[in-house]
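Here is how the chains run, residue by residue.
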Amino acid sequence: MPLLEESSVPRDCTRTVPVVIIGNGPSGICLSYLLNGYTPYLDPMAVHPNPILFRKLQEAKHLPITEQDLEYLCEGLEGRSGNPVAVLFDTLLHPNADMGFEFPSVLQWRLEKKHHIPHLVLGKATPGGAWHAMEGSMLTISLGIWMELPGVNYRDLTPGKRRVVSNDRATPDEISSYYKNYVKLMGLQKNFVDNTYVTSVQKLHRSHENSLGNEKDTINGQLNGVKNGFDYCNKNSTENGQNGVVNGFSNELQNGMETSSRRGEIGEEDDKRGKEEVKETTGVSQGLSQGLWEVRGYQQFQGDTHVPFSLFAENVVLATGASDSPARLGVEGEDLPYVFHSVRDLGVAVSCHGNLGSSSDPVLVVGAGLSAADAVLCALNHSVSVLHAFRKRADDPGLIFKQLPKTLYPEYHRVYHMMCSQVYPASPVANPTAPSSSLFPDYTSFPEHCVLSFQPDMHCVMKGSNGVLRVFKVSMVLVLIGAYPNLFFLKEQGQYLGLDPSRPISCRQNPVDINPYTFECNAEPGLFAMGPLVGDNFVRFLKGGALGIASCLLKRLKQRMKKNRKLIAEEGGCGGRGREGSGGGRRGFV
Ligand SMILES: Cc1cc2nc3c(=O)[nH]c(=O)nc-3n(C[C@H](O)[C@H](O)[C@H](O)COP(=O)(O)OP(=O)(O)OC[C@H]3O[C@@H](n4cnc5c(N)ncnc54)[C@H](O)[C@@H]3O)c2cc1C
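As a starting point, this report considers the structure included with it. (Residues numbered from 1 in each chain as written. Predicted model: local features only at pLDDT ≥ 70, side-chain atom pairs only at ≥ 80, totals over all residues.)

### Re the overall build of the protein
And step 1. Of regular secondary structure, the protein possesses 14 helices and 19 strands.
And step 2. Within the protein, the fraction of its 590 residues that count as buried is 43%.
And step 3. Partitioning the contacts of the protein with sequence separation of at least 6, the portion at a separation of at least 24 is 71%. (Helix = DSSP H or I, 4+ residues; strand = E, 2+ residues; numbered from the N terminus. Buried ≥ 20, exposed ≤ 12 C-beta atoms within 10 Å, placed from the backbone. Contact = placed C-beta atoms within 7 Å.)

### Some remarks on unusual backbone geometry
And step 1. Not every positive phi belongs to a glycine, and Gln-493 is a case in point at roughly 55°.
And step 2. Considering the arrangement of structural elements, one finds Gln-493 in the loop between strand E18 (483-484) and strand E19 (527-529).
And step 3. You will see that Phe-519, though not glycine, has its phi angle at about 65°, which is positive.

### A closer look at the sheet that holds strand E16 (residues 469-473)
And step 1. Read across the open sheet, the three strands follow the order E14-E15-E16; overall the sheet is antiparallel. Each edge of the sheet is formed by a strand with only one pairing partner; in this case those strands are strand E14 (450-454) and E16. The mean inter-strand angle of the sheet, taken between neighbouring strand axes irrespective of direction, is 25°.
And step 2. Sheet analysis places E14 next to strand E15 (residues 459-463), joined by four bridges and oriented antiparallel. In the strand pairing of E15, Val-451 is matched with Met-462. (Pairing = 2+ DSSP bridges. Axes fitted to C-alpha atoms, helices over the stretch in contact; angles between N-to-C directions.)

### Re the pairing of strand E11 (residues 363-366)
And step 1. Neither face of E11 is open: one carries Val-363 and Val-365, the other Leu-364 and Val-366, and all of them are buried.
And step 2. Running through helix H12 (residues 370-381), the crossover from E11 to the neighbouring parallel element strand E12 (residues 386-389) is right-handed. (Right-handed = clockwise from strand over helix to strand, strands pointing away.)

### Things to note about the sheet that holds strand E10 (residues 339-340)
And step 1. On the basis of which strands lie adjacent, the open sheet formed by five strands has the order E10-E17-E11-E12-E13 and parallel pairing. In the strand order of this sheet, the two ends are held by E10 and strand E13 (443-446), each with one partner.
And step 2. Here four bridges tie E11 to E12, and the two strands are oriented parallel to one another. Each bridged residue has a counterpart across the sheet, and for Leu-364 the counterpart in E12 is Leu-387.
And step 3. Packing against the sheet, helix H11 (residues 343-352) makes contact with E10, E11 and strand E17 (476-479), and its axis sits at approximately 155° to E17.

### So, the nonpolar core
And step 1. Counting residues in hydrophobic clusters, the biggest one holds 91 residues, and the most contacted among them are Val-20, Leu-31, Val-317 and Met-530.
And step 2. The element contributing the most residues to this core is helix H14 (residues 539-573), with eleven residues.
And step 3. With near-sequence residues (within four places) excluded, Val-317 lies in contact with Val-19, Ile-21, Ile-22, Leu-31, Phe-528, Met-530 and Ile-549.
And step 4. Residues Ala-349, Leu-356, Val-366 and Ala-389 belong to the second largest nonpolar core, which totals 45 residues. (Core = buried A, V, L, I, M, F, W, Y, C linked by C-beta atoms within 7 Å.)

### A short note on the site of the ligand
And step 1. The environment of the ligand is made up of 36 residues, and the closest members are Gly-23, Gly-25, Gly-129, Gly-321 and Gly-531.
And step 2. Contributing elements (two or more residues each) for the shell around the ligand: helix H1 (26-35), strand E6 (196-203) and H14.
And step 3. Residue composition of the shell around the ligand, by class: 16 nonpolar, 17 polar and three charged. (Near = placed C-beta within 6 Å. Nonpolar A, V, L, I, M, F, W, Y, C, P; charged D, E, K, R; others polar.)

### As for the pairing of strand E4 (residues 119-122)
And step 1. Side chains His-119 and Val-121 project from E4 onto one buried face, and the interleaved Leu-120 and Leu-122 project onto a second face that is buried too.
And step 2. Relative to E4, strand E1 (residues 16-22) runs parallel, the two sharing four bridges. For Val-19, the partnering residue across the bridge sits in E4 and is His-119.
And step 3. In the sheet, E4 pairs with strand E5 (residues 192-193) via two bridges, with the strands oriented parallel. Across the sheet, the residue bridging to Leu-122 is Val-193, located in E5.

### Digging into the packing of H12 against helix H13 (residues 410-421)
And step 1. Viewed as axis vectors pointing N to C, H12 and H13 meet at an angle of 85°, and their least axial separation amounts to 10 Å. In terms of their interaxial angle, H12 and H13 are classed as roughly perpendicular. On H13, the residues that touch Leu-370, Ala-373, Val-376 and Leu-377 of H12 are Glu-411, Tyr-412 and Val-415. (Parallel < 35°, antiparallel > 145°, perpendicular 65-115°, else oblique.)

### Side note on H12
And step 1. If you check H12, its first and last C-alpha atoms are 16 Å apart, about what twelve residues at 1.5 Å a residue would give, namely 16 Å.
And step 2. Extensive coverage of H12 is indicated by the burial of nine of its twelve residues.
And step 3. Residues of H12 that are buried sit in contact with H11, E11, E12, H13, E13 and E17.
And step 4. Looking one or two residues beyond H12, the residue adopting positive phi is Ser-383, at roughly 60°. (Expected span 1.5 Å × (residues − 1).)

### A look at the environment of Tyr-178
And step 1. In this fold, Tyr-178 is placed in helix H6 (residues 172-185).
And step 2. Classification of Tyr-178 by C-beta neighbours within 10 Å gives buried; the count is 26.
And step 3. As for Tyr-178 and Tyr-154, which are separated by 24 residues in sequence, their C-alpha atoms are 7.0 Å apart.
And step 4. Not counting residues within four places of it along the chain, the set of residues in contact with Tyr-178 comprises Tyr-154, Leu-157 and Thr-158.

So this is what it looks like as structure tokens:
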């Protein structure tokens, strides 16, 4: 993807956003919902089946969950996430779900303006994240209702859709269209800037930050600063005829600015109210600040145009998921054009290219996880024969198939059955390059095999546990051995944020080290992480990150606004004006 020179981003085309969320998958969408002011309360009609939790919830039923002590609410709860807030939010949304019940949520959502925090969600493609990139014929592992986000029933948004199996698993298309519609239905679009790639996130040094802050030592100064930057960008984007990040930004922040300037024209009373509002807005901005981040990147438009942007953010949330960098074997020939790392590529090949079908050479699938199983199923459904190589023994107790109930996941058990029963014979073949009659017609399993190389003539060389080499001609290879988060845009690729900073971030082995109640990175105040990056690989649990982060930001905002008001009152009381660092001045609050 060609990148424009980042240095070409005009320096004054910058503005400060209280929160920038990187990633527009379910994590980013759910957090945006809460930051838009959707506020969770205990439903007065609801009874939670956990009596201890229910008693605690009733103690503070007048308060939104986001304002309550999450640590206290989480005490004693157990569930299938290592993050206590994820378990809490899950049991509030789906009480006793693990016991097979489908109880309604005990939460009531109210849209409250005072809980709104301006933010932007930047993400590649359209809202939905990884769900846009999945192969269409597979079914989710989770039940459809576990994939839903707060406030909109998944079944209500997909009522006409045929349920593919008797249970409620869904297709990726159903889920991604649910997420896209959710954003529209909840009025979140103004916060989303689609087709946006973040290429750098850097914490600003104090000196730089102070020079930015100087512009903003007064409320007017700050507004002028924002407006000038805004006008500059708008002009540029109009000249380019594009509707870019700037416009996405305008929806969210310019509205507030225009409202307050219009008020000035109306009259004294309105003017006074307008000023109050401006002070509060300033509070939003300054109250959340733990230092400033510079976020850079580009937005992609039709015709492959890339328009760079740069923003300042007081808080950055990493919601970038974990499926952007497929794991590689690291063997010779892995970059050859017939070697792929995504099931979707197989889907495209079987549906669009007439050259992959029943008479083609087999497809080699490498890996023993669910994505590999999806690829096997996809190939078999299109009558393409499969060679399936994986490092583990077929009866290895760690294989994922052993954890899936047969009745819910019959298709994965079908693959597992073939992995165990249609095994290539262990004895060596005299001429390894000759076509082998030992292959099963549709599917052949190669347990305890590793790939040594891919050759330009489409031959793959594999080695079995007994050291025997085998060579097969194939039509396509799918290497599906996992994926890693890609935090290339951070210092040290974000490695310093991990539980073990000497190793790369990985969802299972080395997640981002966070405060379990706020999801703020322990190594970096003002930087938050959620979803697979913190070990919550399922949509059902990643919502907890949204609750933790929104609760943290709202509590900080409330505290700072209180402090702000006190300072303003003190200033008013002694008739003081222009005391450095007071009132709207940035330096008094950082
Ligand atoms: C094949 C497969 C099947 C799955 N099945 C299930 C299932 O059944 N149930 C379930 O709960 N979960 C399932 N998952 C996991 C699920 O996809 C994740 O839990 C969920 O999508 C994570 O949401 P997220 O918003 O954190 O990240 P994602 O959905 O990955 O979204 C993050 C988005 O951020 C974007 N991004 C990354 N870097 C940048 C950048 N620098 N700039 C801009 N944007 C960026 C990414 O491209 C992506 O679009 C499955 C995953 C896969 C791969």
